[in-house]
Every structure is written in structure tokens, then in C-alpha cells.
Amino acid sequence: MIGRLNHVAIAVANLEKASRLYRETMGAEVSEPLPQPAHGVTVVFINLPNTKVELLEPLGDNSPIAKFLEKSPDGGIHHICYEVEDILAARDKLKAGGARVLGDGNPKIGAHGKPVLFLHPKDFNGTLVELEQA
Ligand code: CO
């Protein structure tokens, strides 16, 4: 059911510094910062030949990554995103298998303009999993 690895998301406290690290030291192609007020983050995309890395910096007062950075001030892997062909079919299959979907259980439009869902890390080996409809 799951397809390609769409991205790995890394939470960072300082997006400019992290972008410079990837652009200058790692030699990667890094996008301009994109504020996503609905998701409480500012994002940059790092395009790799086979997938993407996204750097997330908290935006606003209720950022979903603020607590994560409190616990991990140096930053860290926040979630991984797998592509699925049909997000509602994937959700229903996962729920039938006992997995918990975060929020109200309905897909939201994610950073790439496509429907996304998040799955409870306790049900996926301690990893927050995002599904994105490809
Ligand atoms: Co993501």
C-alpha cells in the first residue's frame, strides 16, 4: 500500500542556520523558506535525487513542533512521509488494523498542496508517520 518515501522532516530551531548547513556544507539544493501558518511551521525543501528532506522551524505560538524542540534543542527527525495512491482507502485500512490517525481523522492539505494524514507514533515504532496522496 505505501509507496515512495516522499520526505524525511527534521525539526530545527534556526531554519537559516540549518539551510546554510545543507546548502553550503552538504552542497544540496535548498528552497526558499515557505511559511505554513495553518501547520504552525516554516518549511524549506531540500531536493535530493531520490527523495526530499524538509527542515521545519516553529511558526507562531502553537507550533506542533515547539514541544519536540524543547526536548531536543539541537533538532531531530520529526516524521517521515510515505506516498499512498488513495489516502482515504489507506486510512480506512490502517484504522481497521488498529492504527490511530491524529486530529479529526480527515486528510488536510499539506505542504505540497496534497492531502496528508498523520499516524500515531505509538502505533508505528515510535515514529510519527505522514501519509501523502501522491
Ligand atoms: Co511532512
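Please read all numbers here as calculations on a predicted model, not as lab measurements.

Undergrad: Describe the coordination of the cobalt ion, and please don't skip the residues or the numbers.
TA: The coordination sphere of the cobalt ion contains the protein donors His7 (NE2), His79 (NE2) and Glu130 (OE), at a distance range of 2.0 to 2.1 Å. Of note, the cobalt ion draws all its donor residues from one chain, in the sequence arrangement H-x71-H-x50-E. Within this pair, whereas His7 is found in strand β1 (residues 5–11), its partner His79 is found in strand β6 (residues 76–84), the two being separated by 72 residues in sequence. Looking at His7, the relative accessible area reads 1%, which means it is buried.

Undergrad: Tell me about unusual backbone geometry, and name the residues and values.
TA: The phi dihedral of Asn125 falls on the positive side, at around 55°, and the residue is not glycine. With respect to the secondary-structure elements, Asn125 resides in the loop between β8 (115–119) and β9 (129–133). Assessed through its relative accessible area of 79%, Asn125 is described here as exposed.

Undergrad: For the UniProt feature "domain: VOC" (unreviewed entry) in the protein, give the residues involved together with the corresponding values.
TA: According to UniProt, the "domain: VOC" (unreviewed entry) feature falls on residues 4–134. The span residues 4–134 shows a helical share of 21% and a strand share of 36%, and its end C-alpha atoms are spaced 9 Å apart.

Undergrad: How would you sum up helix α3 (residues 87–96)? Please name residues and give values.
TA: Among the residues of α3, Ile87, Ala90, Arg91 and Leu94 are the ones counted as buried. End-on view of α3: buried residues confined to an arc of 100°, all on one side of the axis. Of the exposed residues in α3, those oriented more than 90 degrees away from the buried face are Lys93 and Ala96. At its buried positions, α3 is contacted by β6, β8 and β9. N-cap assignment for α3: the residue whose side-chain oxygen lies 3.1 Å from the backbone N of Leu88 is Asp86. Looking one or two places after α3, you find Gly98, whose phi comes out positive at around 100°.

Definitions and cut-offs
- Residues numbered from 1 in each chain as written.
- Predicted model: local features only at pLDDT ≥ 70, side-chain atom pairs only at ≥ 80, totals over all residues.
- Heavy atoms only, no water.
- Donors = N, O, S within 2.8 Å, 3.2 Å for Na, K, Ca; no water.
- Helix = DSSP H or I, 4+ residues; strand = E, 2+ residues; numbered from the N terminus.
- Buried < 20%, exposed > 50% of the residue type's maximum accessible area, 1.4 Å probe, protein only.
- UniProt positions renumbered as here; feature names shortened; annotations may be inferred.
- Arc of directions from axis to C-beta.
- Contact = heavy atoms within 4.5 Å.
- Polar contact = N/O pair within 3.5 Å; in protein donor to acceptor, adjacent residues only side chain to side chain.

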